[in-house]
Amino acid sequence: MLERLIELDQRLLLSLNGSDSLFWDYFMTGVTSTVAWIPVGIALLYIVIKNNTMREVGLFVLIFALVILVADQFSSSFCKPFFARPRPTQDPQLMYLVDVVDGYRGGRYGFISSHAANTFAVSFFISLVVRNGWFTFSAFFWAVLCSYSRIYLGVHYPGDIFFGALWGTLVGVSFYHLFAYFRKKMEPRKLSVSTHYTVSGYAVSDLDIFHFVFYFTLIVLVLRAVVI
C-alpha cells in the first residue's frame, strides 16, 4: 500500500512539475523566495500595531514568532532527518526526470515541506486573528501559491506539501487558541459593531493597505518574470 502511494505521489509530481515557459519558471522562483514577501510582512505588522494596544501587539508578535518557530523546526529539524525522504531533485530515480530552474535542487531531504508548514501555519493564525473574508482568501491564496511553487520547482512531492500543510494548520489553529486565551486575560476590548471593522476589531480600511501591498507584490513578481 505504501509503495502504491509513493508511486502515485511520484506520478502526480511529474504531472505538476515545471513547464516549457520561462515566464512561469521565473515567476515561481520569485514566489518561493522569502525575501519577496517582506513588504507584505511589514504591512501586516503595521495593521496589527495600528489596531491593537501595545500589550496586544507584544502578545501577537510573541505568538506569531512561536507559530513560525514550531512549524519550521518540527518540519526541518525533526521530520526531514527522521523520515529521510530524498527530495525529487535528489532522488536517483527521478532527479533527471524532474524539471529544475537554474540548477536549484534544494537540500537533501524534503518530507515534510517547511514552506507548506510555515505558510499554512501563518495563514490560519492571522486569518483567525483578523476575521475578514477577503483577508482570509488572500492569506490562503498566498499559502497555496507558495506551496505549489515547491512542486513546480521539483523540490517537493505533493505528499510533502500535503502533510506540511496539515502540520501548519494544526500549529496555526492551536496557537490562535493560545493567543485568544491570553488576550482574554487582558482588559476587554470595546469593539465597534460596524461594516468598517471586522468582528475582531480590525479596521477594514487598514486591511485595504495590506491587500494593496500583497497584490502589488504579485504584480512585481509577474513583471520580474516578464523582464527576465
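Notes on the structure in this doc start here. Everything numeric here is computed off the predicted structure, so don't read it as measured data.

**A short note on the side chain of Asp-9**
With respect to the secondary-structure elements, Asp-9 resides in helix 1 (residues 2-16). Asp-9 sits in the buried class, given a relative accessible area of 10%. Separated by 3.0 Å, the side chains of Asp-9 and Arg-85 make a polar contact. Each residue touching Asp-9, except ones within four places of it in the same chain, is listed here: Arg-85, Tyr-157, Pro-158 and Gly-159.

**Thoughts on the packing of helix 6 (residues 133-152) against helix 8 (residues 204-227)**
One way to put it is that helix 6 packs onto helix 8 with a least axis distance of 10 Å and a crossing angle of 25 degrees. By the angle between their directions, the pair helix 6 and helix 8 is classed as roughly parallel. For the crossing formed where helix 6 meets helix 8, the hand is left-handed. Between helix 6 and helix 8, the contacting residues are Trp-134, Phe-135, Phe-137, Ser-138, Phe-141, Trp-142 and Leu-145 on the first element and Leu-207, Phe-210, His-211, Phe-214, Tyr-215 and Leu-218 on the second. Here the residues of the contact of helix 6 with helix 8 sort into eleven nonpolar, two polar and no charged.

**Section: a nonpolar patch on the surface**
A contiguous nonpolar surface patch, about 540 Å² in accessible area, is contributed by Met-1, Leu-2, Leu-5, Ile-6 and Leu-8. By the secondary structure assignment, Leu-8 is in helix 1.

**Remarks on helix 8**
Taking 1.5 Å of rise per residue, 24 residues should cover 34 Å, and helix 8 covers 34 Å from first to last C-alpha, within 8% of that figure. On its buried face, helix 8 sits against helix 2 (22-31), helix 3 (38-50), helix 5 (114-130) and helix 6.

**Here's the deal with unusual backbone geometry**
Following Phe-111, the chain continues into Ile-112 via a peptide bond in cis, with omega recorded as 5 degrees. Residue placement: Ile-112 occurs in the loop between helix 4 (54-83) and helix 5. Backbone geometry at Arg-131 places phi at a positive 65 degrees, although glycine is not the residue there. Within the element layout of this structure, Arg-131 appears in the loop between helix 5 and helix 6. With a relative accessible area of 39%, Arg-131 lands in the partly exposed category.

**Quick look at the pattern of salt bridges**
One pass over the structure, following the stated rule, counts five salt bridges. One salt bridge in this structure joins Arg-85 and Asp-9, with 3.0 Å as the shortest N-O distance. Taken together, the residues span a long stretch of sequence, with Arg-85 in the loop between helix 4 and helix 5 and Asp-9 in helix 1 at a distance of 76 residues. As far as the burial class goes, Arg-85 and Asp-9 line up, both buried. The partner of Arg-183 in a salt bridge is Glu-56, and the shortest N-O contact between them spans 3.6 Å. With Arg-183 in helix 7 (residues 158-185) and Glu-56 in helix 4, this pair connects stretches of sequence that are 127 residues apart. With respect to burial, Arg-183 and Glu-56 carry one shared label: buried. Three or more residues joined by partner-sharing salt bridges are found here, namely Asp-9, Arg-85 and Asp-160.

Cut-offs and rules
- Residues numbered from 1 in each chain as written.
- Predicted model: local features only at pLDDT ≥ 70, side-chain atom pairs only at ≥ 80, totals over all residues.
- Heavy atoms only, no water.
- Helix = DSSP H or I, 4+ residues; strand = E, 2+ residues; numbered from the N terminus.
- Buried < 20%, exposed > 50% of the residue type's maximum accessible area, 1.4 Å probe, protein only.
- Polar contact = N/O pair within 3.5 Å; in protein donor to acceptor, adjacent residues only side chain to side chain.
- Contact = heavy atoms within 4.5 Å.
- Axes fitted to C-alpha atoms, helices over the stretch in contact; angles between N-to-C directions.
- Parallel < 35°, antiparallel > 145°, perpendicular 65-115°, else oblique.
- Left-handed = near helix turned anticlockwise from the far one by under 90°.
- Nonpolar A, V, L, I, M, F, W, Y, C, P; charged D, E, K, R; others polar.
- Patch = residues over 30% accessible without salt bridge, like charges linked within 9 Å, V, L, I, M, F, W, Y side chains within 5 Å.
- Areas by Shrake-Rupley, 256 points an atom, 1.4 Å probe, with all protein chains shown as cover.
- Salt bridge = Lys/Arg side-chain N within 4 Å of Asp/Glu carboxyl O.
- Expected span 1.5 Å × (residues − 1).

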